[in-house]
Amino acid sequence: MNKRIALFPGSFDPFTRGHEDIVLRGLQMFDEIIIAIGYNSQKSNRYFPIEKMIASINEAFRQYPNITVLTYSELTAELARKHNARFLLRGLRNTTDFEYENSISQVNRQLYDELESVFLITTPQLAWISSSIIREVHKYGGDVSQFLPYKL
Ligand code: ADP
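Position numbers for residues start from 1 in each chain and track the written sequence from start to end. Reporting in this predicted model follows two pLDDT cut-offs: at least 70 for local features of residues, and 80 or more for side-chain atom pairs to be given and counted; totals over whole chains, interfaces and linings ignore these cut-offs and use all residues. Side-chain figures throughout are based on the complete set of non-hydrogen atoms in the structure, without hydrogens or water.

Please set out the environment of Arg 90 residue by residue, giving values where relevant.
With respect to the helices and strands, Arg 90 occurs in strand S4 (residues 87-92). Distance from Arg 90 to Glu 136, taken between C-alpha atoms, is 23 Å for residues 46 residues apart in sequence. With residues near it in sequence (within four places) discarded, Arg 90 still touches Phe 8, Pro 9, Gly 10, Ile 22, Tyr 100, Glu 101, Val 118, Phe 119 and Leu 120. We call two N or O atoms a polar contact when they sit within 3.5 Å, provided that within protein one can donate a hydrogen and the other can accept it, with sequence-adjacent residues counted only if both atoms are side-chain atoms. There is a polar contact of 2.6 Å between the side chain of Arg 90 and the backbone oxygen of Pro 9. Only DSSP runs of H or I with at least four residues qualify as helices, and only runs of E with at least two residues qualify as strands; both kinds are numbered from the N terminus onward. Should any heavy atoms of two residues lie within 4.5 Å, those residues are considered in contact.

An account of the nonpolar core is requested, with residue identities and associated values reported.
The criterion is simple. A nonpolar core is a set of buried Ala, Val, Leu, Ile, Met, Phe, Trp, Tyr and Cys residues joined through side-chain atoms within 4.5 Å. Each residue gets one of three labels from its accessible area relative to the maximum for its type: buried under 20%, exposed over 50%, partly exposed in between, using a 1.4 Å probe on protein chains only. Judged by nonpolar contacts, the single largest core of 30 residues is most densely connected at Phe 8, Phe 15 and Ile 35. Looking at this core, the element that brings in the most residues is helix H2 (residues 50-60), giving four residues. Those residues within four positions of Phe 8 in sequence are excluded, and the remaining contacts are Phe 15, His 19, Ile 22, Val 23, Ile 33, Ile 34, Ile 35, Ala 36, Leu 89 and Arg 90. Judged by nonpolar contacts, the second largest core, of 13 residues, contains Ile 34, Leu 79, Leu 88 and Leu 115.

Structure follows, in structure tokens:
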């Protein structure tokens, strides 16, 4: 049987415990999950360096050979096609996420009609964790270690 491969695309600046939760819950449905960091080296304004984030995510999932990390700068639908991923995994925290995800998933389906988007509702205790809040806390010297599944 064909492996069920899911792509989990995002900016992951940084990758948080909220993201980790989506990936680990996704593993109950998929054989493989590819964490795909959208990144354009020409015009990147990331806060956390891309190399650091790749290494950190690899560290967080080192006991899971079926979770891999890569970076990409093309259409997510194209990347999914290349990797034989027929599922796009995303998380939903609130109605703002829903509005955004709804339109993105319609576009992705137009671009690659066998691509099915799968949404997991956030775990309540992690619902408020966002990369932007973590960047803000970190910028002003706050301790963000409890929100991240690896050591910075
Ligand atoms: P993007 O820039 O594509 O929105 P993010 O890195 O911010 O990328 O998020 C990637 C995915 O993870 C999105 O589907 C987002 O809704 C989801 N996500 C982010 N934080 C959480 C959280 N705390 N709980 C559940 N899902 C989350």
